[in-house]
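# Inside the fold
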Amino acid sequence: MFVSILIIAISLTLFLYWFRYTCVLILSTKTSRDYASQIASTNQLAFVETRASLNDESLLASLEQLHKSLDRDYKLVTYLLRHGSGTVVPARSLENRILMVDFQLMRLWYAAIHLVSHRHAHHALLEMTSIVSHLANAMGERTAVESSS
């Protein structure tokens, strides 16, 4: 019994490590053209300003306001990814799915930690901003490919 629990715990730990490392790798990749700012301005998204507020301590607004803004942006970007071309696109890339799960995990982490640790909540919001930016960039790439064909 103890050995089974130990194996499960080690497997879960390795899976979580793999998941976090994969998210970091996906978010660190750069594309030849960044569409995120264009998508943000076209759809009145605030994640660019949110990132600027998080990076500049003198502009740091309420973390809760920034969190609500990121939630709104995330919902809109994921909606556009699914329905952007006029038809529902059920199959999203594995990268996008992993990042969507990561966003939800960061949301839970933020909810659990924001009253206790300002620094950890700040880090969670930064990662959430990166995820929204990556998804917006994916939306822009897809729109560019569709318009060129």
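Quick look at the structure, then. Note that the structure is a prediction, hence the values are computed from the model and not measured.

## Quick notes on the packing of aromatic side chains
Under the criterion given, the structure shown has four aromatic pairs. Measuring from ring centre to ring centre gives 6.3 Å for Y17 and Y21, while their planes differ by 10°; the resulting arrangement is stacked. Placement of the pair is Y17 and Y21 together in helix α1 (residues 2-28), with a separation of four residues, close to one helical turn. Here the aromatic residues F15, W18 and F19 are joined through ring pairs into a cluster of three or more.

## Focus: unusual backbone geometry
The backbone phi angle of Q44 is positive, close to 55°, even though this residue is not glycine. Along the chain, the position of Q44 falls in the loop between α2 (36-42) and α3 (47-55).

## Quick word on the packing of α1 against helix α5 (residues 94-113)
Closest axis-to-axis distance for the α1/α5 pair is 10 Å, and the angle between their directions is 115°. One element, α1, and the other, α5, form an angle in the roughly perpendicular class. Along this stretch, α1 crosses α5, giving a crossing that reads as left-handed. Contacts between α1 and α5 involve W18, F19, R20, T22, C23, I26 and L27 from the former and E95, I98, L99, V101, D102, L105 and M106 from the latter.

## Focus: the pattern of salt bridges
Any two side chains of opposite charge can pair if their charged atoms end up close together. One pass over the structure, following the stated rule, counts four salt bridges. A salt bridge links E127 to R20; the nearest nitrogen and oxygen atoms lie 2.8 Å apart. Highlighted residues: E127 in helix α6 (residues 118-148) and R20 in helix α1, separated in sequence by 107 residues. Exposure remark for E127: the relative accessible area of 8% places this residue in the buried category. The class of R20 is partly exposed, set by a relative accessible area of 30%. The shortest N-O distance in the salt bridge between D71 and R107 comes to 3.1 Å.

The rules behind these values
- Residues numbered from 1 in each chain as written.
- Predicted model: local features only at pLDDT ≥ 70, side-chain atom pairs only at ≥ 80, totals over all residues.
- Heavy atoms only, no water.
- Phe/Tyr/Trp six-rings, centres within 6.5 Å; stacked < 30°, edge-to-face > 60°.
- Helix = DSSP H or I, 4+ residues; strand = E, 2+ residues; numbered from the N terminus.
- Axes fitted to C-alpha atoms, helices over the stretch in contact; angles between N-to-C directions.
- Parallel < 35°, antiparallel > 145°, perpendicular 65-115°, else oblique.
- Left-handed = near helix turned anticlockwise from the far one by under 90°.
- Contact = heavy atoms within 4.5 Å.
- Salt bridge = Lys/Arg side-chain N within 4 Å of Asp/Glu carboxyl O.
- Buried < 20%, exposed > 50% of the residue type's maximum accessible area, 1.4 Å probe, protein only.

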